[in-house]
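Report on the structure
Chain by chain, the residues:
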Amino acid sequence: MCGIVGYLGNPEKTIGVLLNGLKSLEYRGYDSSGICIVSDEERNIFKSEGKLENLRLKIEGQNLTAPTGIGHTRWATHGKPTENNAHPHSSGPVSIVHNGIIENYKELKDALSKKGHKFYSDTDTEVLAHLVDEYYHDGVLLEEATVKGFADVEGSYAVAILSENEPDKIVALRKFSPLVIAENEEEKFIASDVPAILPYSKNIIFLEDGDIAVITPDALKIIDSEGKEIKREKKLINWDPVMIEKAGFRHYMLKEIHEQPRAILDTIRGRFSEADYTMEFQELLKLNLKKISKVLILGCGTSYHASLIGKYLIESIAGISTEVDLSSEFRYRDNVIDKNTVVILISQSGETADTSEALIAAKKQGAVTIGLTNVEMSKIAREADFTVYTKAGPEIGVASTKAFTTQIITIYMLAVFMSISIKRIDKVQSKELIKSLISLPKLMQVALELDKSILNLAKEFHTYRNFIYLGRGINYPVALEGSLKLKEISYIHAEGYAAGEMKHGPIALIDENMPVVLIAPKHGNYFKKIMGNFQEIKARGGRIIVITSDETFKNQLGGDDRIVLIPECSELLSPLVTVIPLQFLAYHIANLLGTDIDQPRNLAKVVTVE
Ligand code: AGP
């Protein structure tokens, strides 16, 4: 969850390209940052604690030019977020930036100390600089010293390394952490993620574990640990750099909430044939669904909430028994899965350590794995037996919004595809399911018009310090998701519960200081029960915000209760509408409280540590 960048090209541009690249990666971690630039004459290193702005101010006015540089924005894992622990880390002529965790850094550090190496930081990364420097002496090239230095390293890493002895070279390598490289006519680029490079080149090379990139002014060479050249295809990434900007919104999160109808359309497009209203998952044609006895869906955080909704969708549409588990729990459990189990791993980033490790565990236990992710060539996309993509486009805000709704729609389409494949439904039934899908973006657009009215609600409710979110059936996971959104960006405590659980304990919490958000779309099975929950809460003096499609609810409200009217839609697709006012409520409360919405404290967009 750190961000690294590298540049080799026009000396006048190096510092600007590095800082802009780090800015676009700040969502990956932002408690300290630094850059290192080298020229024939000298090496300069700048580091600062806190936001990237502090680093920019430190460099401003230095009038330094250098053709080669690397940079880093950090989310601390080993060592406090201090300037001293900020990357780049150096040993002798070698400087390095790193994303990942070196699991055996203590043993490596002890061995190097015995050889006389002196350490100045508490980080695992600094060990890497000393390891390369240990082998980097007369006649040995930087890439050769790197291969030798990394031979005994255990853990995960994506690194960019430079040396003041070879100022026109950057060496980059990866294991378990993402790293991309690219070039244009006169420049070369390295980054942890695509957004840092897109403004300069759309033809991206996704390095694979074990690849070593040796970047010089006239070559973007990739070798293996024996020095043998490897060919990696360039992938054209159509994300428009403008998409990555805020498009006039105050925060990426607000932009991404409003992007949801387009993201849903992009995710549906190309999988649904208008001719005969079928779902086409080319990626899954080789999967023999008739043999599947069970589906298991794994994820973390918001992706876990999408997984819970996936259970309702697959069991209701395809009739296949479906379990859901947290990736971090599944990994260490004695699981009952086999070759007739399909394990779906949901991850926006495709890099979450708990989920990518759960994928490996599931494969070891013989299951068929499907990665459901938003990032092409991400670790989960590459490791899974099959991959299906959400097409949400880059999600920069740490709080996941459009990724969540596109994950749900992808599982919905998967469920329809599975159901037709095992002949549980016929073309007429699938046509009905698909038609309600196609009308969804319009319904979501109607819900997006609630933005301003939810702001008024936030003005009334932003001083509370605790909330309960309640939902039933397929909207129970939406209650969990709504409470997570509020927690992670406003730092207010919120809990999501199945509404039927209230009488088993949580109702003891209800008083005038504990507002309840009640998700109550008008659907047969649950609506009457939810009305019962509403009465239970009112009888105990609770204050309620009702998210409902039933206008008559107004007649039940007390003076301090509030109603948010959403459009009617099918029960199975209702989460894509009910979640929108909850996303707005979290956003506007956080905005009123002045928290850092796109980069909330203690969080990172991609959690690549366990
Ligand atoms: C959601 O708003 C959070 N940012 C977090 O819970 C996130 O969903 C979780 O870390 C999983 O990330 P992934 O989807 O990239 O695997």
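Remember, predicted model here, so these are calculated numbers, not experimental data.

Looking at helix H13 (residues 402-421)
Look at H13: 28 Å from first C-alpha to last across 20 residues, which is about the 28 Å you get at 1.5 Å a residue. Among the 20 residues in H13, 18 count as buried, and that is most of the element. Of the residues trailing H13, Lys-423 is marked for its positive phi of about 60°.

A closer look at the sheet that holds strand E24 (residues 516-520)
Across the sheet, five strands lie side by side as E23-E22-E24-E25-E26; this open sheet has parallel pairing. Either end of the sheet is taken by a strand with one partner, and the two such strands are strand E23 (493-498) and strand E26 (562-565). For this sheet, the mean angle separating the axes of adjacent strands, direction not counted, is 20°. In this structure, strand E25 (residues 544-548) lies alongside E26, joined through four bridges in parallel fashion. Bridged to Val-546 within E26 is Ile-563.

Description of helix H4 (residues 125-135)
For an α-helix, 3.6 residues make a turn, and residues three or four places apart therefore share a direction. Burial analysis of H4 places nine of its eleven residues in the buried class, which makes it a mostly covered element. Those residues of H4 that sit buried are Thr-125, Glu-126, Val-127, Leu-128, Ala-129, His-130, Leu-131, Val-132 and Asp-133. Considering only its buried residues, H4 is in contact with strand E5 (89-91), strand E6 (94-102), helix H3 (105-114), helix H5 (142-150) and strand E7 (155-163).

A few points about the site of the ligand
Residues in contact with the ligand amount to 14 residues; listed here are only the nearest, Ser-303, Ser-347, Ser-349, Thr-352 and Glu-488. The separation between an oxygen atom of the ligand and a polar side-chain atom of Lys-485 is 3.0 Å. Compared with its free state, where it exposes 410 Å², the ligand has 91% of that area covered by protein. Those elements that place two or more of their residues in the shell around the ligand are helix H9 (301-317) and helix H17 (476-490). Tallied by class, the residues present in the shell around the ligand amount to four nonpolar, eight polar and two charged.

Concerning the environment of Ala-191
If you trace the backbone, Ala-191 turns up in strand E10 (residues 188-191). Along the sequence, Ala-191 and Phe-206 sit 15 residues apart, while their C-alpha atoms lie 9.9 Å from each other. If sequence neighbours within four positions are ignored, Ala-191 has contacts with Ile-4, Val-5, Leu-179, Val-180, Ala-196 and Ile-197.

Conventions used here
- Residues numbered from 1 in each chain as written.
- Predicted model: local features only at pLDDT ≥ 70, side-chain atom pairs only at ≥ 80, totals over all residues.
- Heavy atoms only, no water.
- Helix = DSSP H or I, 4+ residues; strand = E, 2+ residues; numbered from the N terminus.
- Expected span 1.5 Å × (residues − 1).
- Buried < 20%, exposed > 50% of the residue type's maximum accessible area, 1.4 Å probe, protein only.
- Pairing = 2+ DSSP bridges.
- Axes fitted to C-alpha atoms, helices over the stretch in contact; angles between N-to-C directions.
- Contact = heavy atoms within 4.5 Å.
- Near = heavy atom within 4 Å.
- Polar contact = N/O pair within 3.5 Å; in protein donor to acceptor, adjacent residues only side chain to side chain.
- Areas by Shrake-Rupley, 256 points an atom, 1.4 Å probe, with all protein chains shown as cover.
- Nonpolar A, V, L, I, M, F, W, Y, C, P; charged D, E, K, R; others polar.

Everything listed here is a matter of coordinates, which is why it stays silent on function.
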